[in-house]
Amino acid sequence: MKNVWTIARREYDHYFNSSAAYVIAFMILLVEGIIFTVVLQNYIANAFQSFGSAPDVSPITGNFVFLMVFSIPALTMRLVSDETRTGTMELLLTAPVRDWELIVGKWLGGYLFILTVLGITLVYPIILNGLITPGLDQRQMISAYLGVVLVAAAFLGLGVGISAVFTNQMAAFFFTMGTFIFLWWLIGFPADFAPVGGDVFRYLDMKSHFYDSLNIGVINLSDIIYYLSLTALGLFIGTTAVEMRRWR
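Residue positions are given per chain, counted from 1 along the sequence in the order it is written. Two thresholds apply to this predicted model, a pLDDT of at least 70 for residue-level local features and 80 or more for giving and counting side-chain atom pairs, whereas whole-chain, interface and lining totals are computed over all residues. For the side-chain quantities, the full set of heavy atoms in the structure was used; hydrogens and water were omitted.

Caption draft 1: Structural view of the overall build of the protein. Under the scheme used here, helices are H or I runs from DSSP no shorter than 4 residues and strands are E runs no shorter than 2 residues, and both carry numbers assigned from the N terminus. Within the protein, the regular secondary structure consists of twelve helices and zero strands. The order of α-helices and β-strands along the protein, N terminus first, is α-α-α-α-α-α-α-α-α-α-α-α. To get the radius of gyration, use the C-alpha atoms; to get the globule rule, take the number of residues to the power 0.38 and multiply by 2.2 Å. Whereas a compact globule of 248 residues would reach a radius of gyration of roughly 18 Å, the protein reaches 20 Å, a difference of no more than 12%. Taken along the three principal axes of its C-alpha coordinates, the protein extends 70 × 50 × 30 Å. Across the 248 residues that make up the protein, the buried fraction comes to 49%. Should any heavy atoms of two residues lie within 4.5 Å, those residues are considered in contact. Within the protein, contacts between residues separated by at least 24 positions form 79% of all contacts whose residues are at least 6 apart in sequence. A 1.4 Å probe and the Shrake-Rupley method give the accessible areas. Residues count as covered only by the protein chains that appear here. Of the accessible surface of the protein, which amounts to about 12,100 Å², a share of 70% is contributed by carbon and sulfur atoms. Type-normalised accessible area, obtained with a 1.4 Å probe on protein chains alone, sets the label of each residue: buried when under 20%, exposed when over 50%, and partly exposed for intermediate values.

As structure tokens, this is what we get:
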């Protein structure tokens, strides 16, 4: 595990030395700030009209996940493919580092960065809970943020795996983006039209596990398993790609 943490710390520090990472973080927090302002104004207006309900963070967490569909490909495209482009992959392959340690370390570094950005948004539910009566729906908040954490893990796992397959950053970016769009919007489309297998397409629909349950306060074991499985699949693909490169 020491190698994993060393690689993760290196990647995490790299994000804070990257202008692209700062731009991505700024854009996410800017959009989230705008959405929070609208949500807060709406709850305050409803409270004054005496028909306000308990506030929840679903608009904030829902849009955070939506933004990750487009931002995480930019964060993961260089994680492994850049090592190949710069020639440092050869050094890593000869170092006393296991293939899975390299991939998990890369994934963990990106994951910690996203969790850092997500942690900043916790100021929004704190403000909502303090200003709006009745207080924040605690169950919904925990469930929604758990959902974001799981989705981020799955996205980053897939992104790292795809980055390990490609040697070109832009190819990794576009393939990762296409994969996210397919899993988030397209794969569940046949569920209502296919004569058979509708439940399979519905289960594979990535967004339904978040928006239809976790983001509204419902925690199902099947949703957790789904996202953890995608994370493991991405890390497995990445590890396999590195192993194949080692034996070429």
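Caption draft 2: Geometry of the environment of Met206. Its place among the elements puts Met206 in helix α11 (residues 206–211). On the accessibility criterion, Met206 (0% relative accessible area) is buried. In this structure the C-alpha to C-alpha distance between Met206 and Tyr227, which are 21 residues apart in sequence, comes to 8.2 Å. If near-sequence neighbours (up to four positions away) are discounted, Met206 is found in contact with Ala154, Phe155, Leu183, Trp184, Tyr226, Tyr227 and Leu230.

Caption draft 3: Local environment of a nonpolar patch on the surface. The patches described consist of residues with a relative accessible area above 30% and no salt bridge, like charges being joined within 9 Å and nonpolar side chains (Val, Leu, Ile, Met, Phe, Trp, Tyr) within 5 Å. When a carboxyl oxygen of Asp or Glu is within 4 Å of a side-chain nitrogen of Lys or Arg, the pair counts as a salt bridge. Together, Val23, Phe26, Met27, Leu30, Ile34 and Val38 line one region of the surface with nonpolar side chains, adding up to about 570 Å² of accessible area. Note on placement: Met27 falls in helix α2 (residues 19–48).

Caption draft 4: Structural view of helix α8 (residues 138–165). To estimate the expected span of a helix, count its residues, drop one, and scale the result by 1.5 Å. Under the 1.5 Å per step criterion, the end-to-end length of α8 is 41 Å for 28 residues, consistent within 8% with the ideal 40 Å. The buried fraction of α8 amounts to 22 of the 28 residues, a majority that puts the element mostly inside the structure.

Caption draft 5: Expanded view of the nonpolar core. The biggest cluster of nonpolar side chains holds 67 residues, and the ones touching the most others in it are Met68, Trp107, Phe155, Trp184, Met206 and Tyr227. Counting residues per element, this core draws most heavily on α8, which supplies 14 residues. Among residues more than four places away in sequence, those in contact with Met68 are Pro73, Ile114, Val148, Val151, Ala152, Phe155 and Phe180. Nonpolar cores were defined as sets of buried Ala, Val, Leu, Ile, Met, Phe, Trp, Tyr and Cys residues, with membership established by side-chain atoms within 4.5 Å.

Caption draft 6: Summary view of the pattern of salt bridges. For the structure on display, the rule yields five salt bridges. Across the pair Arg202 and Asp199 runs a salt bridge, and its minimum N-O distance is 2.9 Å. Remark: Asp199 and Arg202 occur in helix α10 (residues 198–204); sequence separation between them is three residues, near one turn of the helix. Between Asp205 and Lys207 there is a salt bridge, and its shortest N-O distance comes to 3.3 Å. Relative accessible area serves as the criterion here: at 8%, Asp205 is assigned to the buried category. Salt bridges linked by common partners bring Glu11, Arg78 and Lys106 together as one network.

Caption draft 7: Region of interest: the packing of helix α1 (residues 2–15) against helix α6 (residues 99–120). Note on definitions: angles span 0 to 180 degrees between N-to-C directions of axes, and those axes are lines fitted to C-alpha atoms, for helices only across the stretch in contact. Two numbers describe how α1 lies on α6: the axes approach to 7 Å, and their chain directions differ by 45 degrees. In this view, α1 runs oblique relative to α6, as classed from their interaxial angle. Note that α1 runs across α6; the crossing there is right-handed. Every residue of α6 that contacts α1 at Asn3, Val4, Trp5, Ile7, Ala8, Arg10, Glu11, Tyr12 and Tyr15 is listed here: Trp100, Glu101, Leu102, Val104, Gly105, Lys106, Leu108, Gly109, Gly110, Leu112, Phe113 and Thr116. Note that Gly is not counted as nonpolar here; it falls among the polar residues with everything else outside the nonpolar set of Ala, Val, Leu, Ile, Met, Phe, Trp, Tyr, Cys and Pro and the charged set of Asp, Glu, Lys and Arg. Looking at the contact of α1 with α6 residue by residue, the class counts come to twelve nonpolar, five polar and four charged. Convention used here: angles under 35 degrees read as roughly parallel, angles over 145 as roughly antiparallel, angles from 65 to 115 as roughly perpendicular, and any remaining angle as oblique. Note: crossing handedness is left-handed where the near helix turns anticlockwise from the far helix by less than a right angle, and right-handed where it turns clockwise.

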